[in-house]
Amino acid sequence: MIAGLEYLLSFLLALVIALAVIHVGGLVFPYLMRRLWGFVGDRHGPNRVGPFGFFQPIADGIKLFTKEDITPARANRWIFLLAPAIAFSTPLLVQAVIPFSESYTIADLNIGLVYIVAVGAFGVLGILLAGWASNNKYSLLGGLRSAAQMISYEIPLLLTIIVVAMLADSMNLGDVVARQENVWYIAVQPLAFIVFLVAGVAELNRTPFDLPEAESELVSGYITEYSAMRFALFYGLVEWGNVTVWGLTTATLFMGGWRGPFLSGPQWLAVKVILMALIIIWFFSTFPRLQVDQLMAFAWKILIPISILNLAATGLFITLWPDDYLVPTAIFSWSAVIIFIAAFTFMVKKILLNKRLGMKAREEYEPWLLHKPPGPIPPRRQTGL
Amino acid sequence: MNEFHPLAFYLIGGAVIACALGVVIFKNLIYSAIAMICCFSGISGIYVLLHAELLAAAQLLIYVGAISILILFAIMLTRHRSGNIDIFFHRQSWAAIPLVLLVFVALAITLGWGRYQASADSLHAGTRQVADVLFNQYAFPFEVVSLVLLAAMIGAVILAAKERKR
């Protein structure tokens, strides 16, 4: 009986910690994003409530709590109410396997890496159901887009996670952190880190991959019909909770998890999570949004080949030099990163500077801008979903 | 926490049976799909109770993460209207009842009086053992299966591409 009580208490403690992490992320990161976004755009951002506008998220929370919670009349009520809860389970469940410090992991699973990807399925499910249940074409399209995107980008994500498992020779996250005692995997496998970063940003539906909520075409995507606290749950807690949890995962896989000098484990994790959130905010405020066909092409034609190549190369090095595979892997990965960045810069520069290509594109799509008599409107390019 | 296992098992097992019933009883396809997802998740929970964590994660990853979402996708893209739809395959329920009873009796006899080599301990296998069996002992069948899957995938792409050209 005492053991049962202890079990129940540790379960409740774990739940409280996981919820606290999500709520702190959901409160702090939107504020940080709006401030920094304002800074990038040479505006003030929220600066009225409290010092530096720091109480803005609390004011927003109170506002959203007191607003009317609307369920559209023709919506499927039960699924509409259930969908945010399903989506919320992903950030909650992922935290179960993250080692917060040397001794504290909620559930020290041997297959932690597989588990993280597996529970990600609930996030897709929640978004898909939210889109469908709203009975709104924008919501439905947003939900479907989001699901297609998340399934596509899950493949490179999984392939890079396998690379980490190969390097650490374990799928237990505690072991992954332990193996990074001397060198972080971001230094050994920067290529895998970059693929993980890009695919992760796409999984989180963040700019430049935020097509599911592209406001210019889909209003707000799958959250269009959600209002008041349910909107806050989706937009603030689920999305930014996912960012937080994704930051935790990245920190654990590539940046040595809770390890670090001077500060304690959770503090180091917080520093690393804030770093990852800052990268996302930086993406958010600088990159334009991709088109749907570009999005899919990028996943299938660039990210997946790169990650398969990386996987094969890492496997080869581990087979050839079973004792010290870190050095050849690092050499390969760094040179691959440099080559890819150089090639990418070259390509982008060529496309941007190629006046002929630019003019041709304009001629095709916006003939009126070139002072030509407008001909028949050209058919739009087929873009799939 | 061994003392909790029977309770957890009966809870999860009951939920799985209820969800499985829901899959065939609901008249709304989306409700059926959700019940199916709950059923799959519950089965993965039973795997966890048996300490087969890899199997549980694979169950979630493949059935909830891929197959169910594919099914939901298909339903959402092919139905124009949300809400209730006519179910035309509900007419055979009179034939289904004796058939299901027959299957139940057969299963009950097999499970109740059959003898098995496998025990709960053999399910306890970790990733290393699974990988060892899969990539050493059964490496050839594994490769054949992956080839078949690849062929199926290419076939699907070709069929879909033909459809779009018209």
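Quick caveat: nothing in here was measured; it's all calculated off a predicted structure.

As for unusual backbone geometry
All names here are of chain A.
Part 1 of the argument: We note that D42 has phi near 60 degrees; this positive angle belongs to a residue other than glycine.
Part 2 of the argument: With respect to the secondary-structure elements, D42 resides in the loop between α1 (2-40) and α2 (56-66).
Part 3 of the argument: The backbone phi angle of D169 is positive, close to 60 degrees, even though this residue is not glycine.
Part 4 of the argument: The residue D169 is located in the loop between α5 (137-168) and α6 (173-179) in this model.

Concerning the nonpolar core
Part 1 of the argument: L125(A), L129(A), F234(A), L253(A), F254(A), I30(B) and L72(B) are the most contacted members of the largest nonpolar core, which totals 114 residues.
Part 2 of the argument: For L129(A), the residues in contact, after removing those within four places along its chain, are I79(A), A83(A), I86(A), I30(B), I34(B), L72(B) and M76(B).

Here we look at α2(A)
Residues and elements named next belong to chain A.
Part 1 of the argument: Along α2, the residues that are buried comprise Q56, P57 and L64. Looking straight down α2, one finds that the buried residues subtend no more than 90 degrees of arc, so they occupy a single side. Facing away from the buried side of α2, by more than 90 degrees, are the exposed residues I62, F65 and T66.
Part 2 of the argument: Residues of α2 that are buried in the fold lie against α1 and α10 (228-254).

Some words on the interface of chain B and chain A
Part 1 of the argument: Listed per partner, the contact involves 25 residues of chain B and 28 residues of chain A.
Part 2 of the argument: Summed over both sides, the interface between chain B and chain A buries roughly 2,500 Å², with carbon and sulfur atoms accounting for 82% of that surface.
Part 3 of the argument: Linking chain B with chain A are zero salt bridges.
Part 4 of the argument: Put simply, chain B and chain A have zero residue pairs in polar contact (both at pLDDT 80 or more) between them.
Part 5 of the argument: Going through the elements one at a time, α2 (29-49), α3 (53-78) and α6 (127-137) of chain B are the ones with two or more residues in the side of chain B that touches chain A.
Part 6 of the argument: Broken down by element, the side of chain B that touches chain A gets its largest block of residues, 12 residues, from α3(B).
Part 7 of the argument: Across the side of chain B that touches chain A, the residue classes tally to 16 nonpolar, six polar and three charged.

Concerning the environment of I70(A)
All names here are of chain A.
Part 1 of the argument: Relative to the helices and strands, I70 resides in the loop between α2 and α3 (77-94).
Part 2 of the argument: I70 sits in the partly exposed class, given a relative accessible area of 42%.
Part 3 of the argument: Between the C-alpha atom of I70 and that of I106, which follows or precedes it by 36 residues, the distance is 37 Å.
Part 4 of the argument: Setting aside residues up to four positions removed in sequence, I70 forms contacts with F80, E225 and S227.

Section: the side chain of S307(A)
Residue and element names in this part refer to chain A.
Part 1 of the argument: Relative to the helices and strands, S307 resides in helix α12 (residues 292-320).
Part 2 of the argument: Judged by its relative accessible area of 1%, S307 falls in the buried class.
Part 3 of the argument: Apart from residues lying up to four places away in sequence, S307 is in contact with P156, L159, T160 and V195.

Concerning the packing of aromatic side chains
Residue and element names in this part refer to chain A.
Part 1 of the argument: According to the stated counting rule, one finds 19 aromatic pairs over all chains in the structure shown.
Part 2 of the argument: Judged by centre distance (5.3 Å) and plane angle (55 degrees), the ring pair of Y153 and F209 falls under tilted. Of this pair, Y153 sits in helix α5 while F209 is found in the loop between α8 (190-203) and α9 (215-218), placing the two residues 56 residues apart along the sequence.
Part 3 of the argument: Linked through ring pairs, F193, F196, W246 and F254 together constitute an aromatic cluster.
Part 4 of the argument: The residue whose ring lies beneath R206 is W240, and the NZ or CZ to ring-centre distance is 4.5 Å.

Definitions and limits used
- Residues numbered from 1 in each chain as written.
- Chains lettered and ligands numbered in written order.
- Predicted model: local features only at pLDDT ≥ 70, side-chain atom pairs only at ≥ 80, totals over all residues.
- Heavy atoms only, no water.
- Helix = DSSP H or I, 4+ residues; strand = E, 2+ residues; numbered from the N terminus.
- Core = buried A, V, L, I, M, F, W, Y, C linked by side-chain atoms within 4.5 Å.
- Buried < 20%, exposed > 50% of the residue type's maximum accessible area, 1.4 Å probe, protein only.
- Contact = heavy atoms within 4.5 Å.
- Arc of directions from axis to C-beta.
- Buried area = accessible area lost by both parts, 1.4 Å probe.
- Salt bridge = Lys/Arg side-chain N within 4 Å of Asp/Glu carboxyl O.
- Polar contact = N/O pair within 3.5 Å; in protein donor to acceptor, adjacent residues only side chain to side chain.
- Nonpolar A, V, L, I, M, F, W, Y, C, P; charged D, E, K, R; others polar.
- Phe/Tyr/Trp six-rings, centres within 6.5 Å; stacked < 30°, edge-to-face > 60°.
- Lys NZ or Arg CZ within 6 Å of the ring centre and 35° of its normal.

Honestly, it's all geometry; don't read function into it.
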